[in-house]
Amino acid sequence: PEVDPAQTVFGAGVTDRELTSLSDLTASPERFDGQVIKTEGEITAVCQRMGCWMEMRGEEGAPTVRVPLAGHNYFLPRDVSGRRATIEGQVAIRELSDAEREHLASEGAQAVATALQVSATGVVLADPS
């Protein structure tokens, strides 16, 4: 696949699968549970320890979605909050334990009350315009 020079690819990148909006995902996450989706949004937070997760939202004021980077196979730069990204990965609805919540919060996470996550096999970061 051709890579746009104005984008930076992490992990496996993304396929040409149809885009699912983050607002559709957050409105009815159980509809997508277990499915692999491609979606896009604004990065609102990145793990400040290793860059092994991020949080994204579709539009201003929308709920954020937790995006662990699949299996710690790749990492994001820690300074990409505010940038737009397209991700692809598997949707999961799973409650976090108290220990997981504390761990994520210690790394800067905000979306620790939500059970919704997308385990991203690939991230395509749009370069800042």
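Structural notes, computed from the coordinates. Small disclaimer: the values here were computed from a predicted structure and weren't measured.

## Side note on the side chain of Thr20
Along the chain, the position of Thr20 falls in the loop between strand 1 (7–11) and helix 1 (22–27). With near-sequence residues (within four places) excluded, Thr20 lies in contact with Phe32, Ile37, Lys38, Thr39 and Glu40.

## Some words on the layout of surface pockets
Where empty space is left in the structure can be found by rolling a water-sized probe over the atoms. Quantified by volume, the largest pocket comes out at close to 320 Å³. Taken together, 18 residues form the lining of the largest pocket, with Trp53, Pro68, His72, Leu104 and Gln117 sitting closest to its centre. When contributions to the lining of the largest pocket are tallied by element, the ones reaching two or more residues are strand 4 (65–68), helix 2 (98–106) and strand 6 (116–126). Ranked by the residues each element gives to the lining of the largest pocket, the list is headed by helix 2, at three residues. Residue classes in the lining of the largest pocket are distributed as eight nonpolar, five polar and five charged.

## So, the pairing of strand 2 (residues 36–46)
The pairing of strand 2 with strand 5 (residues 84–93) spans seven bridges and is antiparallel. From the neighbouring strand, Lys38 faces strand 5, where its bridge partner is Glu88. Note that strand 2 and strand 3 (residues 53–57) share four bridges and pair antiparallel. When the sheet's bridge partners are listed, Ile43 is paired in strand 3 with Met56. In textbook terms, the turn of a hairpin is the stretch between consecutive antiparallel strands, and for strand 2 and strand 3 this stretch comprises six residues, one of which, Gly51, has a positive phi near 80 degrees.

## Overview of the side chain of Thr39
Within the secondary structure layout, Thr39 lies in strand 2. Filtering out sequence-adjacent residues up to four positions away, Thr39 remains in contact with Leu19, Thr20, Ser21, Leu22, Ala85, Thr86 and Ile87.

## With respect to the nonpolar core
Generally speaking, soluble globular proteins have nonpolar side chains that are buried together. Residues Leu25, Met54, Ile87 and Val123 are the most contacted members of the largest nonpolar core, which totals 23 residues. Broken down by secondary-structure element, the contributors of at least two residues to this core are helix 1, strand 2, strand 3, strand 4, strand 5 and strand 6. In terms of residues, this core owes the most to one element, strand 6, which gives five residues. Apart from residues no more than four positions distant in its own chain, Val123 is found in contact with Thr8, Val9, Phe10, Gly13, Met54, Leu69, Tyr74, Leu76, Ala85, Thr86 and Ile87.

Quick notes on the rules
- Residues numbered from 1 in each chain as written.
- Predicted model: local features only at pLDDT ≥ 70, side-chain atom pairs only at ≥ 80, totals over all residues.
- Heavy atoms only, no water.
- Helix = DSSP H or I, 4+ residues; strand = E, 2+ residues; numbered from the N terminus.
- Contact = heavy atoms within 4.5 Å.
- 1 Å grid on protein atoms, 1.4 Å probe; cavity = no way out; pocket = protein on both sides within 12 Å on 5 of 7 lines; lining within 4 Å.
- Points joined across faces, edges and corners; volume = space filled by probe spheres on them.
- Nonpolar A, V, L, I, M, F, W, Y, C, P; charged D, E, K, R; others polar.
- Pairing = 2+ DSSP bridges.
- Core = buried A, V, L, I, M, F, W, Y, C linked by side-chain atoms within 4.5 Å.
- Buried < 20%, exposed > 50% of the residue type's maximum accessible area, 1.4 Å probe, protein only.

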